[in-house]
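# Descriptive structure summary
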Amino acid sequence: MTELFEAIAATDPGRARELARTTPELREQRDAQGLLPAMRALYGGDRELAESLLPPGTELNAFEAAAFGRLERLTELLGDRGAANGFSPDGFTALHLACFSGGPEAARLLVEHGAELEALARSDFARIRPLGTAAFRGDAESGRVLLEAGADPNSRGEGGFTPLHSASQNGDAELVDLLLEHGANPGEALPDGRTPADVAREHGHSELADRLSTRTA
């Protein structure tokens, strides 16, 4: 692990930026899993730092271009049809990463190039579909792109969670309404019997829980 990765892991953005400034080649060095420092910072929740650590756009692969919404680079890479449906070193498709942080335009571009709507991530910590990623991240517009393209609103990820469970857990009324509009079933239950209404109530979203309960009844 380079000093830059160590600074990111230590949540020391000042040190990370200084290293990237004085030794810019560190921005292009990947870790043992094949990920750039910018991706590690992005996963750590610091988008501003992640943006500052990106190497030149021509160095980005399809997963990185999707994650950062670099549409010009992503378009270039999607000339290779396999780019739309490959898996990143940590087990996500470019469409997952667009829904995670790249935004709806990146998601739309991938869908237009044949990205698989129901691809299940192979990550050790998140066996999830792209719509589930959009719901987890609260990205209603990326969710809309997928739903309008035909994504299954009731598809399940790890633990049996549907996108509606995730949106309900987050108290995301906009996304809940969007999912219901596209056929999400509010009566779908987790293996332990909890419905989206139950999950919403557990996380303090009582008004949303009441609305979902009414729909379930």
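Residues numbered from 1 in each chain as written. Predicted model: local features only at pLDDT ≥ 70, side-chain atom pairs only at ≥ 80, totals over all residues. Heavy atoms only, no water.

### Considerations on the overall build of the chain
- The number of helices and strands found in the chain is 14 helices and 0 strands.
- Walking the chain from its N terminus toward its C terminus, one meets helices and strands in the order α-α-α-α-α-α-α-α-α-α-α-α-α-α.
- The C-alpha radius of gyration of the chain comes to 18 Å, within 12% of the 17 Å expected for a compact globule of 217 residues.
- Its C-alpha atoms give the chain principal-axis dimensions of roughly 60 × 40 × 25 Å.
- Buried residues in the chain amount to 48% of all 217 residues.
- Relative to all contacts within the chain whose residues are 6 or more apart in sequence, the contacts with residues 24 or more apart total 62%.
- Within the structure as shown, the chain displays about 10,000 Å² of accessible surface, and the carbon and sulfur contribution to it stands at 47%.
- Considering the chain, the positive charge centre built from 21 side chains and the negative charge centre built from 36 side chains are found 1 Å apart. (Helix = DSSP H or I, 4+ residues; strand = E, 2+ residues; numbered from the N terminus. Rg over C-alpha atoms; globule rule 2.2 N^0.38 Å. Buried < 20%, exposed > 50% of the residue type's maximum accessible area, 1.4 Å probe, protein only. Contact = heavy atoms within 4.5 Å. Areas by Shrake-Rupley, 256 points an atom, 1.4 Å probe, with all protein chains shown as cover. Lys, Arg positive; Asp, Glu negative; His and termini not counted. Charge placed at Lys NZ, Arg CZ, Asp CG, Glu CD.)

### With respect to helix α10 (residues 140–148)
- Ala140, Ser142, Gly143, Val145, Leu146 and Leu147 are the residues of α10 that are buried.
- Contacts made by the buried residues of α10 are with α7 (94–102), α8 (104–112), α9 (130–137) and α12 (173–181).
- Just downstream of α10, Gly150 is the residue with a positive phi angle, here 110°.

### Comments concerning the environment of Ala173
- Locating Ala173 in the fold gives a position in helix α12.
- Residues Ala173 and Pro13, 160 residues apart in the sequence, show an inter-C-alpha distance of 34 Å.
- Contact partners of Ala173, with chain neighbours within four places excluded, come to Leu208 and Arg211.

### Describing the nonpolar core
- One finds Leu53, Phe68, Leu74, Leu95, Leu110, Leu179 and Leu212 to be the most contacted residues of the largest nonpolar core, which totals 65 residues.
- Considering every element that reaches this core, the biggest residue donor is α7, with 6 residues.
- When sequence neighbours within four positions are dropped, the list of residues in contact with Phe68 reads Ala38, Met39, Leu42, Arg47, Ala50, Glu51, Leu54 and Gly102. (Core = buried A, V, L, I, M, F, W, Y, C linked by side-chain atoms within 4.5 Å.)

### Thoughts on the environment of Gly14
- Considering the arrangement of structural elements, one finds Gly14 in helix α2 (residues 13–22).
- Owing to a relative accessible area of 46%, Gly14 belongs among the partly exposed residues under this scheme.
- Residues Gly14 and Leu49 lie 35 residues apart in sequence; the distance between their C-alpha atoms is 9.0 Å.

### Considerations on the side chain of Ser166
- Position of Ser166 among the secondary structure elements: in helix α11 (residues 163–170).
- Apart from residues no more than four positions distant in its own chain, Ser166 is found in contact with Ala135, Phe136 and Phe161.

### With respect to the packing of aromatic side chains
- Per the counting criterion, the structure on display carries 2 aromatic pairs.
- Here the aromatic rings of Tyr43 and Phe100 are separated by 5.8 Å at their centres, their planes lie at 75°, and the arrangement is edge-to-face. With a gap of 57 residues between them, Tyr43 in helix α3 (residues 37–43) and Phe100 in helix α7 connect regions that are remote in the sequence.
- Residue Tyr43 is classed as partly exposed on the basis of its relative accessible area of 26%.
- Arg122 extends its terminal NZ or CZ atom over the ring of Phe87, reaching a point 3.7 Å from the ring centre. (Phe/Tyr/Trp six-rings, centres within 6.5 Å; stacked < 30°, edge-to-face > 60°. Lys NZ or Arg CZ within 6 Å of the ring centre and 35° of its normal.)

### Overview of the environment of Arg156
- Relative to the elements of secondary structure, Arg156 occurs in the loop between α10 and α11.
- Sequence separation between Arg156 and Leu190 is 34 residues; the distance between their C-alpha atoms is 9.4 Å.
- If sequence neighbours within four positions are ignored, Arg156 has contacts with Arg129, Phe161, Thr162, Glu188, Ala189 and Leu190.
- Side-chain polar atoms of Arg156 contact the side chain of Glu188, separated by 2.5 Å.
- Within the structure, Arg156 has its side chain in polar contact with the backbone oxygen of Ala189 (distance 3.0 Å). (Polar contact = N/O pair within 3.5 Å; in protein donor to acceptor, adjacent residues only side chain to side chain.)

That's the geometry; what it means functionally is another story.
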